[in-house]
Amino acid sequence: MPQPMTPAELPIVFFDGPCGLCQRSIQWLVRHERVIKGSPKLHFASLQSDLATDLLPSGLRTPPLEGLVFSFDAKNRVGAVAVRALAHHLHWPYRWLLALTPSFGYRWVARKRMDLSMRLGTCDLENTEIRERLLH
């Protein structure tokens, strides 16, 4: 029987917890994630969580937030680099679209995310299929 993976070994997407756009992005990732044989599914944690405090340097979790952080294989990828790294975990055509995410496009959305969040509102990640993959 294989040993369970520690949080540091899991592919974790760290997101801004109170951001509605970020929450909806997590739901979108789960809907379009492809299962890769032998690889763990994506897991998720808020940048404001205790896990983020344990695993990430303070610069990545202290406002102003630099953006989405994808932690996997002992590397932290931030912003557009994180989005491009997540592409491998998605189905076609989303894999291709994320792989081509330009840095300027990510920065624009990141700057506008709170305005977009107010329009979209927050969503409940605890009452979805994400619950088992949401780390605290």
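Residues numbered from 1 in each chain as written. Predicted model: local features only at pLDDT ≥ 70, side-chain atom pairs only at ≥ 80, totals over all residues. Heavy atoms only, no water.

### Brief notes about the overall build of the chain
Part 1 of the reasoning: Within the chain one finds six helices and five strands.
Part 2 of the reasoning: For a compact globule of 136 residues, the expected C-alpha radius of gyration is about 14 Å, and the chain comes in at 14 Å, within 12% of that figure.
Part 3 of the reasoning: With the principal axes as the frame, the chain shows a C-alpha extent of 45 × 35 × 30 Å.
Part 4 of the reasoning: For the chain, the proportion of its 136 residues judged to be buried stands at 42%. (Helix = DSSP H or I, 4+ residues; strand = E, 2+ residues; numbered from the N terminus. Rg over C-alpha atoms; globule rule 2.2 N^0.38 Å. Buried < 20%, exposed > 50% of the residue type's maximum accessible area, 1.4 Å probe, protein only.)

### Looking at the pattern of salt bridges
Part 1 of the reasoning: One pass over the structure, following the stated rule, counts two salt bridges.
Part 2 of the reasoning: We note a salt bridge from D16 to R113, for which the minimum N-O separation is 2.6 Å. One end of the pair, D16, is in the loop between β1 (12-15) and α1 (20-32); the other, R113, is in helix α6 (residues 103-120), and 97 residues separate them in sequence.
Part 3 of the reasoning: On the basis of relative accessible area, D16 is assigned to the buried category, the value being 9%.
Part 4 of the reasoning: In this structure, R133 and E33 form a salt bridge, with 2.5 Å as the shortest nitrogen-oxygen distance. One end of the pair, R133, is in the loop between α6 and β5 (134-135); the other, E33, is in the loop between α1 and β2 (43-46), with 100 residues separating them in the sequence. Accessibility assignment for this pair places R133 and E33 in one class, buried. (Salt bridge = Lys/Arg side-chain N within 4 Å of Asp/Glu carboxyl O.)

### Focus on the pairing of β1
Part 1 of the reasoning: Burial along β1 is two-sided: the residues I12 and F14 and V13 and F15 are all buried.
Part 2 of the reasoning: Pairing of β1 with β2 involves four bridges; the strand directions are parallel. Each residue of the ladder has a partner; that of F15, found in β2, is S46.
Part 3 of the reasoning: Crossover connection from β1 via α1 to parallel β2: handedness right-handed.
Part 4 of the reasoning: The pairing of β1 with strand β3 (residues 69-72) spans three bridges and is antiparallel. When the sheet's bridge partners are listed, I12 is paired in β3 with S71. (Pairing = 2+ DSSP bridges. Right-handed = clockwise from strand over helix to strand, strands pointing away.)

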